[in-house]
Amino acid sequence: MKKKGPLYALFLSLILLLPGCSSIAVLNPKGPSARTLSDTIVLSILVMLGVLAVVYILYIFVLVKYRAKKSNEGYIPKHEEGNVVLEAIWIIIPIIIVAFLSVVTVKTTNEVENVAADYQDQTPLVIYASSSNWKWHFSYPEEGIETVNYVNMPVHRAVEFRMYSFGTITSLWIPQLAGQKYAMSDMLTTLHLSADTEGSYIGKNANFSGKGFAHMEFEALVLSNKGYEDWVKEVKETAPKLTEEEFKGLLATDYLGRKTYSSTHLEFSPPPGNHGDHMSGGGKEMDMDNGNPEHQDNKEIHPSPEPSSGTEFDSKPDPEVDQPLPSSPVDESTHEGH
Amino acid sequence: MDLDKFKVHGEPLIYGAMISIALATIGILVGLTYFKKWGYLWREWLTTVDHKKIGIMYILAALLMLFRGGVDAMMMRLQTAAPEMKFLDAQHYNEVFTTHGLIMILFMAMPFIIGLMNVIIPLQIGARDVAFPRLNAVSFWLFFMGAMLLNISFVIGGSPDAGWSAYFPLASLEFSPTVGNNYYSLALQISGIGTLITGVNFIVTILKMRAPGMTLMKMPMFTWSVLITNVIIVFAFPVLTVALAMMMFDRLFGSQFFTMANGGMDMLWANLFWVWGHPEVYIVILPAFGIYSEIIATFSKKNLYGYTSMVFSMLIISLLSFLVWAHHFYTMGQGAMVNSFFSITTMAIAVPTGVKIFNWLFTLRKGRITFTTPMLYTLAFIPIFTIGGVTGVMLAMASADYQYHNTMFLVAHFHYVLIPGAVFAVIAGFHYWFPKVFGFRLNERLGKHAFWWIIISFNVTFFPLFFLGLMGMTRRMYTYSEESGFGPLNMLSFVGAVGLAIGFVILVYNIYWSTRYMPRDTTNDPWDGRTLEWATHSPIPLYNFAVVPKVETRDALWSAKHENIPLYTDTKYTKIHMPSNTGKPFILGVVFFFLGFFLVFSMWIPAIVSGIGILVVLAFMSFDKDQGYYIPVEEIAATEKKLMRGETV
């Protein structure tokens, strides 16, 4: 038993050092969503250290005090049935702890499922993120551009990722900006995030998706507003258009480096809407609702970037998109709920 | 027929494995012939219906699988020990972690526990065998053949490679075109049927065959845990059976339950899998709680503190285990409401688990604690499992899980739960009950050596993974770059894994050494036990108890020894009815193996023949008129006399 004390002391001190360690991506957030999660994690670690301390102190106490020694040779312990009061204590206190953590969980889950409090007056920048084999496609319907294996976004701007997959289930994760969320072939999932520090962050697929899974990383670059606008402008001027032919070629490839296009694949290959009608390829009618309602409770109706005239997305953002977000009553009630 | 399907891709490691498997098989066959042991093997083991021998076979198979799964684990830790390692390629690594998970959960932890319960439960409740001894043999052979089917996948055709959870559409024919996942659906199906039968068998055994006077609330805690576990098995395994059948139809016959097109739903697989998969975790952990309860009571010389709340906590855990599966989908966009509900049910499991921890601590309080090897594993379980438990609560918080999901943090958590919660438990139970089954103890000094290696190395291996998870390392990555900074901690973890391997080698050496040199135990009760299994001889005679004991208190033997409450009021022998051995369960298992194998490779005609073969064997079994036999009184008297003198029979 003696050998174990220092070992655990070492481990406990390591846990305590955690928050100060900058290489720990999850505890080094660069945006409100990741910060909420980081705070939740640190809080839960502290509560759990309390629980551990109680168990460990009791444990060491009974092991030291009641071990078989020469002095208690022949001692036969008395029969002891249990104690209602004591047992009630170690039922009720854990219930209180769990209740407290439940409140924290419900509150923070709602926070990160929606636009962060500081950014609620903004219209989120919508980016469609879709995976195919071992690469990521990022489509910016408002800007009419598309990138492969990297994503750029402006700082201090609410961003809304809408994820889906052209194959296996994947999970989009930029640890320093937000928690992960799955991308599946038959529904759209939504991830809200925003960055408050410029910089380059690692993004990855967190869900095992076969042979090339380990290489499925991308760069998330957070630029100044000016930098972002310049980049968009440059892309639109210099990058080629993404044709259906070209896109099919991209889908068929296993791995790719970075690619940039001045149009999106959403026009000829719309994201999944309801069951059955997705991936049909030829559907011109864009189904931009938020996935299958059966699968999602997150039923906010987002301003649809649907082109007014049924033509391609053009360079000018659709006027509808610039409407302030809390335009629908559904939205307002969801935001006030927490 | 396309012979290429049987080949696995050319890698020296796999060829090495093939050669060693072939050599070992030839060695065993030659050895059996040379020592003329074929008859012995058939009469004593392959055809046995004795619960003790079936239990021993389960445990042997589990130890074998522990070795296989352990080698997989070593290969994984070696491959990730440093950035850009070139030991395994992606495909091979994927197969290794998939089979590591499958084998450790389904073919190591579960059979080890089923083995212990086979050996011990009838003894603990004062019964002569399980309720359906021949069905018990069927269970074992189905499990064993399922395990073998999965294992040959490594050298014939290729192993499953879509993870042990085999999420669709990744596991579909489109994205996993090799036969690997056919093996998955068939091997798990065959052994799963065996497990389901075990569940039924043990529920009936425990409910109907207890010694006179043993009411439900006088059952030993291990018996309680096994009863609850088997209820979970009976509720959970049919879900797996259906899910695997659908998977088989998808992969072999082109149905579209889980595919991307034609209305298939990948989420349906995920839901079915975890509706079974989460209770499965408690199937391996609840019996461990039972084992620890027995050991703590024995080695602190006290009755279990808070017996009633222990029973109720297990009942509540079993109920909650079916209400938490969606915590695997926090990150699937199911919305804040659903996530909140499953967060709360998941965290709620911590309450009954905490009750058990405190009850154990209070059992130790005012006891007289001796540190034997089984007790050391039990005592090490408490602090380590508590870390696993509190990190489980952290993971249960849906929002925080967005950051832990699919990362090494999760991997660390479930190893911190499953290794102390299942592996230490079966090792502790193995050391604890070994003298009962074989009549001698394992060496304590070697046992403690192995213990310290295993405990320290375990923490060195898995604690760094918590940090790796928070640093952003996802699970199932076969390689990573230097810049990621994952290198040093992974190397530390590899060092720990080597230590763990050394610990297990010492453990196995201890079995060998003790078999040769440990003195035979003549007391039948080397630990001063409390429950009925210690009231019979060691090794145990075929009929377990010459006279069925009578139970008045929870710790019946303890009361008999220390409180003068006699176990036997009537000591006259009567003839004992026993079931006869039969080879049909073994043959049934073999035919199932062939059915599975032919289906894996879509060889329809032999598969149909095997399918008919199964029906034929079943028909023979159902028309079997063998009603067993009686052991005459004189024979019992003679055996008892010999056993009293300390001779083996």
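Residues numbered from 1 in each chain as written. Chains lettered and ligands numbered in written order. Predicted model: local features only at pLDDT ≥ 70, side-chain atom pairs only at ≥ 80, totals over all residues. Heavy atoms only, no water.

## Points about the sheet that holds strand E9 (residues 199-205) of chain A
Residues and elements named next belong to chain A.
Point 1. Reading across from one edge, E4-E10-E9-E6-E7 is the order of the five strands in this open sheet, with mixed pairing throughout. With partners counted over all chains shown, the strands left at the sheet margins are strand E4 (150-154) and strand E7 (178-183), one partner each. When strand polarity is set aside, the average angle formed by the axes of neighbouring strands in this sheet is 20°.
Point 2. Where strand E6 (residues 170-174) meets E7, four bridges bridge the pair, whose relative direction is antiparallel. Bridge assignment links Ser 171 to a residue of E7, and that residue is Tyr 182.
Point 3. Its contacts with the sheet place helix H4 (residues 225-238) against E4 and strand E10 (217-223), and it is angled at close to 130° to E4. (Pairing = 2+ DSSP bridges. Helix = DSSP H or I, 4+ residues; strand = E, 2+ residues; numbered from the N terminus. Axes fitted to C-alpha atoms, helices over the stretch in contact; angles between N-to-C directions. Contact = heavy atoms within 4.5 Å.)

## Some remarks on the confidence of the model for chain B
Point 1. For chain B, the mean per-residue pLDDT works out to 93, and 99% of the residues sit at or above 70.
Point 2. For this predicted complex, the interface score ipTM comes out at 0.92, alongside a pTM of 0.89. (pLDDT = per-residue confidence, 0-100.)

## Brief notes about the pairing of E6(A)
Side-chain positions along a regular strand alternate between the two faces of the sheet.
All names here are of chain A.
Point 1. When you tally the buried positions in E6, you get five out of five residues, the bulk of the element.
Point 2. Alternating positions in E6 separate into two faces, Thr 170, Leu 172 and Ile 174 on one and Ser 171 and Trp 173 on the other, with burial throughout.
Point 3. Where E6 and E9 come together, two bridges link them in antiparallel fashion. Looking across to E9, one finds that Leu 172 is bridged to Asn 205. (Buried < 20%, exposed > 50% of the residue type's maximum accessible area, 1.4 Å probe, protein only.)

## Some words on the interface of chain A and chain B
Point 1. Across the contact, 97 residues belong to chain A and 95 residues belong to chain B.
Point 2. Buried surface at the junction of chain A and chain B, both sides included, amounts to about 8300 Å², of which 69% is carbon and sulfur.
Point 3. Between chain A and chain B we count four salt bridges in total.
Point 4. Linking A:Glu73 and B:Arg368 is a salt bridge whose minimum nitrogen-to-oxygen distance equals 4.0 Å.
Point 5. Across the contact surface, chain A and chain B share 30 residue pairs in polar contact (both at pLDDT 80 or more).
Point 6. At the level of secondary structure, the elements contributing two or more residues to the side of chain A that touches chain B comprise helix H1 (4-17), helix H2 (32-65), helix H3 (84-113), E7 and E9 of chain A.
Point 7. With 17 residues, the top contributor of residues to the side of chain A that touches chain B is H3(A).
Point 8. For the side of chain A that touches chain B, a count of residues per class yields 53 nonpolar, 28 polar and 16 charged. (Buried area = accessible area lost by both parts, 1.4 Å probe. Salt bridge = Lys/Arg side-chain N within 4 Å of Asp/Glu carboxyl O. Polar contact = N/O pair within 3.5 Å; in protein donor to acceptor, adjacent residues only side chain to side chain. Nonpolar A, V, L, I, M, F, W, Y, C, P; charged D, E, K, R; others polar.)

## Side note on the pattern of salt bridges
Point 1. All chains considered together, the criterion is met by 20 salt bridges over all chains.
Point 2. Among the salt bridges present, the one from B:Arg365 reaches A:Glu80, with a minimum N-O distance of 3.6 Å. Taken together, the positions of B:Arg365 in the loop between helix H11 (350-364) and helix H12 (373-396) and A:Glu80 in the loop between H2 and H3 put the pair across two chains.
Point 3. Residue B:Asp50 pairs with B:Lys52 through a salt bridge whose shortest N-O separation is 3.2 Å.
Point 4. Given a relative accessible area of 10%, B:Asp50 falls into the buried group.
Point 5. With relative accessibility at 5%, the residue B:Lys52 sits in the buried group.
Point 6. Linked through salt bridges whose partners overlap, the residues forming this network are B:Lys301, B:Asp525, B:Asp528 and B:Lys561.

## As for a nonpolar patch on the surface
Residues and elements named next belong to chain B.
Point 1. On the surface, Phe 249, Phe 253, Phe 257, Trp 604, Ile 605, Ile 608, Val 609, Ile 612, Val 616 and Phe 620 cluster together into a nonpolar patch covering about 1000 Å² of accessible area.
Point 2. Every element with two or more residues in the nonpolar patch is listed here: helix H7 (221-253) and helix H19 (604-622).
Point 3. Looking at which element gives the most residues to the nonpolar patch, the answer is H19, with seven residues.
Point 4. Here Trp 604 is to be found in helix H19. (Patch = residues over 30% accessible without salt bridge, like charges linked within 9 Å, V, L, I, M, F, W, Y side chains within 5 Å. Areas by Shrake-Rupley, 256 points an atom, 1.4 Å probe, with all protein chains shown as cover.)

## Some remarks on unusual backbone geometry
Residue and element names in this part refer to chain B.
Point 1. With an omega of 0°, the peptide bond running from Phe 168 to Pro 169 counts as cis.
Point 2. Between Ser 538 and Pro 539 the backbone carries a cis peptide bond, its omega angle lying at -10°.
Point 3. Secondary-structure assignment places Pro 539 in the loop between helix H16 (487-517) and helix H17 (556-562).
Point 4. The backbone phi angle of Lys 301 is positive, close to 55°, even though this residue is not glycine.

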